[in-house]
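Residue strings, one per chain:
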There are 2 protein chains.
Amino acid sequence: MFQEPARDTFSHLPADKQERVLEAALTEFADQGYHQASLNRLVAKAGIAKGSLYQYFPNKEGIFRYIFQIALKSVRQTLVEVKEATQDENFFIRLEKSLRAGVRFLKQHPRIYSLYLKIQFDRQIPFRDEFLAAVRRHAGEYFGSLLRRARGRGELRPGISEPAALFLLDAVFDRFLQAAALPYLDVTLDLHQAPEETINRRIRELVDLLREGLAA
Amino acid sequence: MFQEPARDTFSHLPADKQERVLEAALTEFADQGYHQASLNRLVAKAGIAKGSLYQYFPNKEGIFRYIFQIALKSVRQTLVEVKEATQDENFFIRLEKSLRAGVRFLKQHPRIYSLYLKIQFDRQIPFRDEFLAAVRRHAGEYFGSLLRRARGRGELRPGISEPAALFLLDAVFDRFLQAAALPYLDVTLDLHQAPEETINRRIRELVDLLREGLAA
DNA sequence: AACTGATATGACCAACTGGTCATGTTTCAG
DNA sequence: CTGAAACATGACCAGTTGGTCATATCAGTT
């Protein structure tokens, strides 16, 4: 899917310089999105010359792709870890733990999460479709795997539509993280910058609703 | 919350000219978002001179605010209509009809919906917080009203957390519309440009999950 | 016809963008 | 010590942006 968008020069750089450039790039893209990101600001932040940037990467898009690859790798790793760590537990417990892991990721990597949101809602990012498809595929595989395992163990109500269930989980999960990351996006949960205890209580309430439903 | 961002001159304009300008502005902002929107393109689309635009509005932000007000009014009206039309029906039926109305709105006003998405994920839109708060408040009041009515009639499982339920509804609703409007945003439902019959089936499946839950 | 205030116009401006490139500087093998 | 390849640099470029303004045109009143 991705060919290497960085030049050899970049990989030969001293590690701390690479780090500085990647840090600056991640910050700039996460703060500004793709189009609004300014390479002039980026090089200033990284403390390198404009020309050097073009020795490391072919163009703006190349930098963006490189950053995105790193971000995606980080997400993938987290998903795998949670999946393995909860392998033998009950489905709804796994949901809770997945949500908690998501919130943790978001606090540890706020810029990666912000980058993801930017991609999601800025059409005309080059290759945006590829990027989004990759992320969604990961999420879909993750929840799909959890769902099938749960069904195999008889933890699910028979006859429910798997695509619908997958959609529901993805929607709630995604929105929960958004609400925890951004103000104004949750109606009444006040998740934004809430203490961990509050967040965990909300997670339990939500999973309870998913498990038992709303109806009397 | 909003003072009038358009100049008198604009309101004195012949209706068809106003229409042309507003059409062009809505299209440009919906397609490009706030920052990416180009006033040069806008005036070209509207068929007016650059200077004229600045006779009608004080600046770019003023145009944006004006467009947003119109869009919000349109959303508000739709919500009120659905609410009144379904007043006496069962809560879960109302949910289904709300979702269907949402999808209908989205097909009829794709640019308004796109505008909303753009606002949601572009920090640094001027007064973005005001805008988002206004939208969320409407959604929250709508679902809150439905929920309280349902509880009053004993249609809800006792003891469920209202904020959590509200969050759940808002999340599913919002994501469902997003999935219907954009490709790549739904994992497996394939709502994007799906025929109405498919969409309605998915709505029923989803509401069923919300009603009865996932657990065996 | 003459005057007047509202409206229309597009050349123009400073600021900024992504990207280039001639010219230095550093590194290191022979 | 020499030479050449790798790397660094920032002035520079064409293009675009939001916004201005002197000037022209129009509509309506006297």
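Residues numbered from 1 in each chain as written. Chains lettered and ligands numbered in written order. Predicted model: local features only at pLDDT ≥ 70, side-chain atom pairs only at ≥ 80, totals over all residues. Heavy atoms only, no water.

Which parts of the structure should I look at to understand the overall build of chain A?
The number of helices and strands found in chain A is 10 helices and 0 strands. If one aligns the C-alpha atoms of chain A with their principal axes, the spans along those axes are about 65 × 35 × 30 Å. Expressed as a percentage of its 216 residues, the buried residues of chain A come to 56%. Taking the contacts inside chain A whose residues are at least 6 apart along the sequence as the reference set, 67% of them involve residues at least 24 apart. (Helix = DSSP H or I, 4+ residues; strand = E, 2+ residues; numbered from the N terminus. Buried < 20%, exposed > 50% of the residue type's maximum accessible area, 1.4 Å probe, protein only. Contact = heavy atoms within 4.5 Å.)

In this structure, what is going on with the relation of the copies chain B and chain A? I would like to understand it.
The transform that puts chain B on chain A rotates by 180° and translates by 0.0 Å along the axis, for an RMSD of 0.0 Å. Such values leave the two copies arranged in the relation of a two-fold axis. Identified as the residue of chain B closest to the rotation axis by C-alpha distance is G213 of chain B, at 1.8 Å. Most of the interface of chain B is mirrored in chain A, where 100% of its interface residues again form contacts. (Least-squares fit on C-alpha atoms with pLDDT ≥ 70 in both.)

So what exactly am I meant to see when it comes to the protein's contact with DNA strand C here?
Near DNA strand C, the surroundings consist of 18 residues, among which A37 and K50 of chain A together with K17, G51 and Q55 of chain B are the closest. Counting only the atoms of DNA strand C within 4 Å of the protein, the fraction contributed by sugar and phosphate is 57%. Within the side chain of K50 of chain A, an N or O atom sits 2.7 Å from a base oxygen of DNA strand C. Note that a phosphate oxygen of DNA strand C is positioned 2.7 Å from one of the side-chain N or O atoms of Y54 of chain A. If you list the elements that add at least two residues to the surface near DNA strand C, you get α3 (39-46) and α4 (50-56) of chain A together with α1 (8-12) and α4 (50-56) of chain B. It is α4 of chain B that provides the largest number of residues to the surface near DNA strand C, a total of 5 residues. Taken together, the residues of the surface near DNA strand C sort by class into 5 nonpolar, 9 polar and 4 charged. (Near = heavy atom within 4 Å. Polar contact = N/O pair within 3.5 Å; in protein donor to acceptor, adjacent residues only side chain to side chain. Nonpolar A, V, L, I, M, F, W, Y, C, P; charged D, E, K, R; others polar.)

In this structure, what is going on with the interface of chain B and chain A? I would like to understand it.
With 59 residues of chain B at the contact, the number on the chain A side is 60 residues. The junction of chain B with chain A conceals about 5,500 Å² of combined surface from both sides, 66% of it contributed by carbon and sulfur atoms. At the boundary of chain B with chain A, the tally comes to 6 salt bridges. With a closest N to O distance of 2.8 Å, D170 of chain A and R175 of chain B form a salt bridge. On inspection of chain B and its partner chain A, the count reaches 20 residue pairs in polar contact (both at pLDDT 80 or more). At the level of secondary structure, the elements contributing two or more residues to the side of chain B that touches chain A comprise α2 (15-36), α6 (91-108), α7 (110-121), α8 (128-152), α9 (162-181) and α10 (196-212) of chain B. In terms of residue count, α9 of chain B provides more of the side of chain B that touches chain A than any other element does, 15 residues in total. Taken together, the residues of the side of chain B that touches chain A break down into 31 nonpolar, 12 polar and 16 charged. (Buried area = accessible area lost by both parts, 1.4 Å probe. Salt bridge = Lys/Arg side-chain N within 4 Å of Asp/Glu carboxyl O.)

How should α7 of chain B be read in this particular structure?
Given 3.6 residues per helical turn, the α-helix brings residues three or four places apart onto the same face. Residue and element names in this part refer to chain B. Its 12 residues place the ends of α7 17 Å apart at the C-alpha level, agreeing with the 16 Å of an ideal helix rising 1.5 Å per residue. Counting buried positions along α7 yields 10 of 12 residues, so the element is predominantly enclosed. Every buried residue belonging to α7 is among I112, Y113, S114, L115, Y116, L117, K118, I119, Q120 and F121, and all of these are buried. (Expected span 1.5 Å × (residues − 1).)

Help me understand the protein's contact with DNA strand D in this model?
Neighbouring DNA strand D are 18 residues, the closest being K17, G51 and Q55 of chain A together with A37 and K50 of chain B. When the atoms of DNA strand D within 4 Å of the protein are sorted by group, sugar and phosphate make up 56%. A49 of chain A places a main-chain nitrogen or oxygen 3.5 Å from a phosphate oxygen of DNA strand D. Within the side chain of Q55 of chain A, one N or O atom sits 2.5 Å away from a base nitrogen of DNA strand D. Mapped by element, the contributors of at least two residues to the surface near DNA strand D are α1 (8-12) and α4 of chain A together with α3 (39-46) and α4 of chain B. By residue number, the principal contributor to the surface near DNA strand D is α4 of chain A, which donates 5 residues. For the surface near DNA strand D, the residue count by class is 5 nonpolar, 9 polar and 4 charged.

Honestly, the nonpolar core in this entry has me stumped. Any pointers?
For soluble globular proteins, nonpolar side chains are generally found buried alongside one another. F91, F176 and L214 of chain A together with F91, F176 and L214 of chain B are the most contacted members of the largest nonpolar core, which has 162 residues in total. Those residues in contact with F91 of chain B that lie beyond four places of it in its chain are L214 of chain A together with L146, L147, A150, E155, L156 and L169 of chain B. (Core = buried A, V, L, I, M, F, W, Y, C linked by side-chain atoms within 4.5 Å.)

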